[in-house]
Amino acid sequence: MKPQSTIRAPRFAFLLISPTWLVLGLLFLVPLAIMLWLSLQRAGLYGVIEPGPTLANYIRSFESGYTIIYARSVWIAVATTVICLLVSYPVAYYIALKARPERKNVLLALVVIPFWTSFLVRTYAWMFILRDQGVINSLLMSLGVIHEPLPLLYTPLAVMIGQVYAEVPFMVLPIYASLEKLDRSLLEAARDLGASAAAAFWRVTMPLAMPGTVAGIVLVFIPSLGTFITPDLLGGAKGMLVGNLIQNQFGPALNKPFGSAVAMALTAFVLALLWAYAGWARRRGEEVAL
Amino acid sequence: MKRRAWSVERGAPVLRAVSWLVYAFLYAPIAVLVVFSFNSERQTAVWKHFTLDWYRVLFRDELIGHAVVNSLIVGVMATVVATVIGTMAGLAMARHEFPGKRATQSLLYLPVIVPEIVVGAALVSLFGFIAMRLSLTTVVLAHIAFSISYVALVVRARLTGFDQSLEEAAMDLGANRWQTFWRVTLPLIAPGVLAGALLVFTLSIDDYIITSFVAGPGATTLPLQIYSMVKTGVTPEINAVSTLLLVVTIGLIAAAQRLETSKR
Amino acid sequence: MKRFIALCVLLTLLGCGGKDDGKRLNVYIWTNYITQELLSQFTAQTGIRVKFDVYDSNEAVLEKLASGASDYDIVVPTDYMVRIMTKQGLLVPLDHAKLTNLANITSKFRDLPFDKGNRHSVPYLWGTTGFAYNKAKVGATLDSWAAVFDERWKGRVLMLDDMRECFGVALRMSGHSANSTNATELAVARDLLVRQKPLVKTYNSSDFAGILRSGDVWIAHGYNGELAKACDEDKNLAYVIPKEGCTVWVDNLCIPRSARHIEAAHTFINYMLEGKNIAAVVNAMSYACANDAARPFIKPAILSDPARYPDEATLKRCNFLGDLGESLQLRDRYWTEIKAK
C-alpha cells in the first residue's frame, strides 16, 4: 500500500472547502461572535444587557461552586463514551467485517432506525420500562422474584442507560466507516504469520480503524459534556451539569452574559483538548483524522 | 482478494451474539413503544386489551400530520445539502494541504462542540440581527449548519489512510481530475458518504433544542409537537406516531434494498 | 436524483407562500391553553386564519421576542414575565378602544401590580401552585407545606423544577414572604431545600400530574389545572392550597412589538374576552379564567371545585410572584448550590 500523500492543489481544495466556510462562517462564526460579545457584558435587571466590557463573568465561572459542576459533567461524558465504545465496537466490527455484503446496509440501517423516532419518546419509553410500575418491575413482581419494586428510575444507572443509548449510532457509524475500508489481506497476512485472533485485532485492526474510532469518541464525548435533558428526565433533575447551568442562565436566571461565558469557556476547553490530541498524535507520526 | 472462511473462526459466534445483544438493547424501548401503542390502558405497564383507538385519535390529529410533513421537508433538504457540502469538506481535509487547514478544522469542530442551547440562542440573535423572520426556512438553515461537520468528520475518517493508487492509476490512464472524482473516488467513499447522510437525517429528524429556538409560526416539527404532547400527559397516541414512523421507514428501507438486489 | 431535489425545493417554496392580506394571525401560547375548535370558530367568525405554536417556558418566549426575529402576533406570558417584557419594551400598548369586552374582566384581576391599567396585557387564565397527594398511600390529611419536608415521605415527593416556586415554598415554610429579597431569609430557605433534597424523588415541571398518577410519588408540587384533572380521574388524589399560602399566577394575552398583524391581534383578544369563548377553554383545560361574563357558560362541576376556583379566604393566603430585583441572581446562585450537591 502506498503511503498517504496529501495533494497540494490549493485551488481545488479551496473550491471544495468554500461552501463550508460560507455556511459555517455565516451561521456559526457570526453567532458565536455575538455570544462572545455577550459574555463580556453585564447582566442588568430583568434580563436587560448592560454594556461592559467586563471579565467578571469569566472570573465567576471559575468559582468552586461551578467547578464541581464541570467535574461531574466530564465524569458523565467519560463514562458515557467508554461504555458506548464497548457497546458499539462489536456491532461496527460485525457489520463491517463479518456480515454478508448484501446485508451490510440493512444492518447499518437497523442501527439507526430506532433513532428516527423522537428522542423524547425513546426516553419516555425507558422511563416506562424502568419505573416502579414499569415493564421490568411489573415483570419481576409478577414472577415473584421481588416483592417491592426496584428503584431503577431517577438513579444514576438510569441516566447512564439513557446516555449510552442515545449515542450508539454516533459511535457505530464512524467506526464502521473506518473498518469497512480495511484491507483484508493485511489481516490475512497477520493470521498467516501466526498471530492469534486477539493479537490480529489489537495490533492490526484496531490501529487501522483508529481514525473512525477517534471520530466516534469525539462525536460522543463532546456533546455528552453538554447533556442535560436525559439526566433531567431519567435522573430526576437532581443534579446540575454544565448543560443545566447554561440553560438556567439563558432561562429563569435571565443572565445571558454569564451563560455565554460558561459556554465559551466550555468551547475553549474542548478545542484545547482537541488541539492537544492532534498535536500529540502528529508527534507520534500517526495518521490523524482530526 | 480471497475471503478466508472467517465464519469458521472461534470468535465469530461470540461476536454475533454480542452484536445481537446490542441490537436487542437498541430495540427494547422500541418494542415497548410499539406493543403499548395497542394497549387500551393509558398509564400502566400492564396489558389491558388490544385496541386501535390510539391510531384513530392519531389520524384525526391534524397537528401531528403537519408536524410530520415539516420534519420530512427539513430532514430531506438538510440531508441533501449538508451531505454534499460535508463530503466536499471531508475530501479537502483528508487529501489536500492548503493554507488555513488548521483553522478549517477548528471551524468544522464548532458545531459539535458548542452546546445546542448556545447554538439556538445565537442563531435567533443572528436572525434578528439580519431581520430574517423565523420560519421553516430558518429551521432548514440551522439544520444544515449543524450537520455539515458530522458528514465531514465521517468522510474524512474513511478517507484517511486510503490507498490512492487506484486514483493515480485512473489519472495515469488519462482521466482528468473530475472524471477520476466521479468514477473512482466517489464510489470508493460511498459507504462513508452514506453513513454521513444517515447521521444527518437522524440528527435533523430528532432535533429539539435548536429547532425550538429557530422555528417560526407553523414550522412545528415532530420533536416539537411531541414535546408539547407530553405535557398533555403521555398518551399512547405518541406511541402510535412512533410506531407508524418506524413502519414507514423500515418499509422504505426494505423497498430500497429490494431495488438494490434486483439491480444486480 | 436531481428531480427529487427540485421537488423538495418546490415543496418548500410552496410551503412559504400565501399572500399576507392582514387576515392572518400567529399565536404563541402555552401547551393546552386553547382548543382547535375555538380557533376554527374564530376564523369562521372573522375570516382571520390562525397559525398557533406552543411553548412551555416564559423565558423561551422572551428569547424569541428579544431577538426581534419572532413572527408572532399574540403571546401569553405569565405575570412576572409581562413586567420583564414591558421593562424591555417588547410589548405593544393595547388599544382599549378596540377591546369592547374589556369590562368582562373580574375586578380582582384588573389593574394588577405588574401591569397597572392593563396597558399591555389582558388576563387569560389563572391558577395556583399548591400540591396534590395520594390520600390512600399517605393515610393522613395534609394541609401544610410541611408535607413536602416530611421524612415519612422520603423518596415519595415531587417538586417543580422551578427555582422561584421551590424558593417560594421554602420561604413560606420558614415564615417569610415568597418574594423576599433578604439575603438571610434566602439562605435559610436554601438550607431547607438542601435538607429536603434526599426526600425528593424527582424535580419535574411538565409531567408532575402524570408522575403522581402513576404512583411513583405520593405528593406532587404543581399547578392546579393538571393536578385537578388528575384528582378527577383518580378519587384517591386531592389538591391542597396549604395554610401557609401558595403562588397565584395569571397568564395574559399580549401583543409583541414585532407583531405584523396588530389589528387582527386586537380582534383576537376581544374575542377571547367574550364570556362563552373563554368558558370553552376553561371547560376543556381545567384552569380558571378571570372573566365574569364566562360564569354562566362554565360547567358547574368546575365552578364549584375549590381546586380550580378557591374561595376568597383561601385566595387571601396566596400571592403573585413579585418583582425580585437583584435577589433573582442570589436565588440562582443558591439554586445552583442546591442542585449541585
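What you see is a predicted model, and the numbers here were worked out from it, not measured in a lab.

Novice: I'm lost on the overall build of chain C in this one. Help?
Specialist: Summing up its helical and strand segments, chain C has 14 helices and 10 strands in all. The C-alpha radius of gyration of chain C comes to 22 Å, within 12% of the 20 Å expected for a compact globule of 341 residues. Based on the C-alpha atoms only, the size of chain C along its principal axes is roughly 60 × 55 × 40 Å. Relative to its full complement of 341 residues, chain C shows a buried share of 51%. A sequence separation of at least 24 residues applies to 74% of the contacts in chain C between residues at least 6 apart.

Novice: Can you help me understand the packing of helix α4 (residues 104-112) of chain A against helix α7 (residues 156-180) of chain A in this one?
Specialist: What describes two packed helices is the angle between their axes and the distance between those same axes. Residues and elements named next belong to chain A. Direction vectors running N to C along α4 and α7 enclose 155°, while the axes themselves pass 9 Å from each other. For the element pair α4 / α7, the angle class is roughly antiparallel. Residues L108, V111 and V112 of α4 pack against V168, P169, V172 and Y176 of α7. Counted by class, the contact of α4 with α7 contains 7 nonpolar, no polar and no charged residues.

Novice: Honestly, unusual backbone geometry in this entry has me stumped. Any pointers?
Specialist: Residues and elements named next belong to chain A. With a phi angle near 60°, Y154 is a residue other than glycine that sits in the positive phi range. Looking at Y154, the number of C-beta atoms within 10 Å reads 27, which means it is buried. Although it is not a glycine, A237 adopts a positive phi angle of roughly 55°. Within the secondary structure, A237 is located in the loop between α11 (229-235) and α12 (242-250). For A237, a count of 22 C-beta atoms within 10 Å translates into the label buried.

Novice: Which parts of the structure should I look at to understand the interface of chain A and chain B?
Specialist: A common way to report how large an interface is uses the accessible area buried once the components associate. With 91 residues of chain A in contact, the opposing surface of chain B contributes 93 residues. Tallying contributions element by element places helix α1 (residues 10-39) of chain A first for the side of chain A that touches chain B, with 17 residues. When the residues that make up the side of chain A that touches chain B are grouped by side-chain class, the tally is 65 nonpolar, 16 polar and 10 charged.

Novice: Explain the interface of chain B and chain C to me, please; I cannot follow it from the model alone.
Specialist: The interface is formed by 28 residues belonging to chain B together with 28 residues belonging to chain C. Of all the elements in the fold, those that place two or more residues in the side of chain B that touches chain C are α3 (62-95), α5 (116-129), α6 (136-159), α9 (209-214) and α10 (222-231) of chain B. With 5 residues, the top contributor of residues to the side of chain B that touches chain C is α5(B). Grouping the constituent residues of the side of chain B that touches chain C by class yields 14 nonpolar, 12 polar and 2 charged.

Novice: How should I be thinking about the sheet that holds strand β3 (residues 74-75) of chain C in this particular structure?
Specialist: Adjacent strands of a sheet pair through backbone hydrogen bonds, lying either parallel or antiparallel. All names here are of chain C. Strand order in this open sheet of 3 strands is β2-β1-β3, and the pairing throughout is parallel. The open sheet terminates on both sides in strands that have one partner only, identified here as β2 (49-55) and β3. Contacting β1 (24-30) and β3, helix α10 (residues 262-272) crosses the sheet at an angle of about 55° to β1.

Novice: How should α6(B) be read in this particular structure?
Specialist: The periodicity of an α-helix, 3.6 residues per turn, causes residues three or four places apart in sequence to face the same way. Spanning 24 residues, α6(B) covers 34 Å between terminal C-alpha atoms, matching the ideal 34 Å at 1.5 Å per step. Within α6(B), 24 of the 24 residues are buried, leaving the element largely enclosed by the surrounding structure.

Calculation criteria
- Residues numbered from 1 in each chain as written.
- Chains lettered and ligands numbered in written order.
- Predicted model: local features only at pLDDT ≥ 70, side-chain atom pairs only at ≥ 80, totals over all residues.
- Helix = DSSP H or I, 4+ residues; strand = E, 2+ residues; numbered from the N terminus.
- Rg over C-alpha atoms; globule rule 2.2 N^0.38 Å.
- Buried ≥ 20, exposed ≤ 12 C-beta atoms within 10 Å, placed from the backbone.
- Contact = placed C-beta atoms within 7 Å.
- Axes fitted to C-alpha atoms, helices over the stretch in contact; angles between N-to-C directions.
- Parallel < 35°, antiparallel > 145°, perpendicular 65-115°, else oblique.
- Nonpolar A, V, L, I, M, F, W, Y, C, P; charged D, E, K, R; others polar.
- Pairing = 2+ DSSP bridges.
- Expected span 1.5 Å × (residues − 1).

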